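A structural walkthrough
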Amino acid sequence: MTGAELKKLREHLGEAIGQPLSVADMAKLCGLPAADGADTIRKWEVTGPTGPVAELLRILAMASDHYPILEMFNVFDRHDVPVKHRPARRQAFREQMRSDVRRRIG
């Protein structure tokens, strides 16, 4: 994930939950300390995050319709899920992810 992608993700997640996300909110999402977490996010918005944080952000990105549901989370396109139920289940999954984002930022 690049810095520009992280900035766009912050915008898209804010859109998904219905409120803009600050760099401090993104720091909370990433589990960074309150003291210098916002500064770390600002740095990552230039250089891009790496490692476990980048993976966490890929997962949280599923809260937004702008990002695909990752294959390891896609339990909707299986043979035992009727095709007509798949869109509603995808939407419910995204709403669950949005609730998780809201819970993480407090």
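Up top you'll find the structure we're talking about.
Before going into details, it helps to say that this report is about the structure given with it. Just so you know, these numbers come straight off a predicted model, no measurement behind them.

About the cut-offs
- Every chain's residues receive numbers from 1 upward, in the order its sequence appears when written.
- Whole-chain, interface and lining totals are the exception, using all residues; otherwise, since this is a predicted model, local features are given only for residues with pLDDT of at least 70 and side-chain atom pairs are given and counted only at 80 or more.
- Excluded from the side-chain calculation are hydrogens and water; included are all heavy atoms of the structure.
- Secondary structure is summarised from DSSP: a helix means a run of H or I of at least four residues, a strand means a run of E of at least two, and numbering begins at the N terminus for each.
- Exposure is judged per residue with a 1.4 Å probe applied to protein chains only, and the accessible area is read against the type maximum: over 50% gives exposed, under 20% gives buried, and values in between give partly exposed.
- Contacts are assigned to residue pairs with any non-hydrogen atoms lying within 4.5 Å of each other.
- Methods summary: accessible areas were calculated by the Shrake-Rupley approach with a probe of 1.4 Å, and residue burial reflects only the protein chains presented.
- For the purpose of charge, His is not counted, nor are the chain termini; Lys and Arg are scored as positive and Asp and Glu as negative.
- A charged residue contributes its charge at one atom only: NZ of Lys, CZ of Arg, CG of Asp or CD of Glu.
- Expected span of a helix: the number of residues minus one, times 1.5 Å.
- Arc, as used here, means the arc of the directions from the helix axis to the C-beta atoms.
- Convention adopted: a line fitted to C-alpha atoms gives each axis, helices being fitted over their contacting stretch, and angles between N-to-C directions are expressed from 0 to 180 degrees.
- Roughly parallel covers angles under 35 degrees, roughly antiparallel covers those over 145, roughly perpendicular covers 65 to 115, and oblique covers all other angles.

Looking only at helices and strands, one finds five helices and zero strands in the chain. Reading the chain from its N terminus to its C terminus gives the helix and strand order α-α-α-α-α. Projecting the C-alpha coordinates of the chain onto the three principal axes gives extents of approximately 45 × 25 × 20 Å. Each of the 106 residues in the chain was classed as buried or not, and the buried ones make up 41%. If you take every contact in the chain between residues at least 6 apart in sequence, the share linking residues at least 24 apart comes to 58%. By element, 56% of the accessible surface of the chain is carried by carbon and sulfur atoms, the whole surface being about 6200 Å². A distance of 3 Å separates the average location of the 17 positive side-chain charges in the chain from that of its 14 negative side-chain charges.

Helix length check: helix 5 (residues 86-105) (20 residues) gives 29 Å between terminal C-alpha atoms against 28 Å at 1.5 Å per residue, within 8%. Considered for burial, the residues of helix 5 that qualify are Arg86, Phe93, Arg94, Met97, Arg98, Asp100, Val101 and Ile105. All buried residues of helix 5 project into a common sector of 155° when viewed along the axis, lining one side. Counted as exposed and oriented over 90 degrees from the buried face of helix 5: Ala88, Gln96 and Arg103. The elements touched by buried residues of helix 5 are helix 1 (3-17), helix 2 (23-29) and helix 4 (51-60). Gly106 occupies a position one or two residues after helix 5 and carries a positive phi of about 80°.

Another aspect to go through is the packing of helix 4 against helix 5. In a pair of packed helices, the angle between the axes and the distance between the axes together describe the arrangement. The N-to-C vectors of helix 4 and helix 5 enclose an angle of 130°; their axes lie 10 Å apart at closest approach. By the angle class used here, helix 4 and helix 5 are oblique. Between helix 4 and helix 5, the contacting residues are Leu56, Ile59 and Leu60 on the first element and Met97, Asp100, Val101 and Arg104 on the second.

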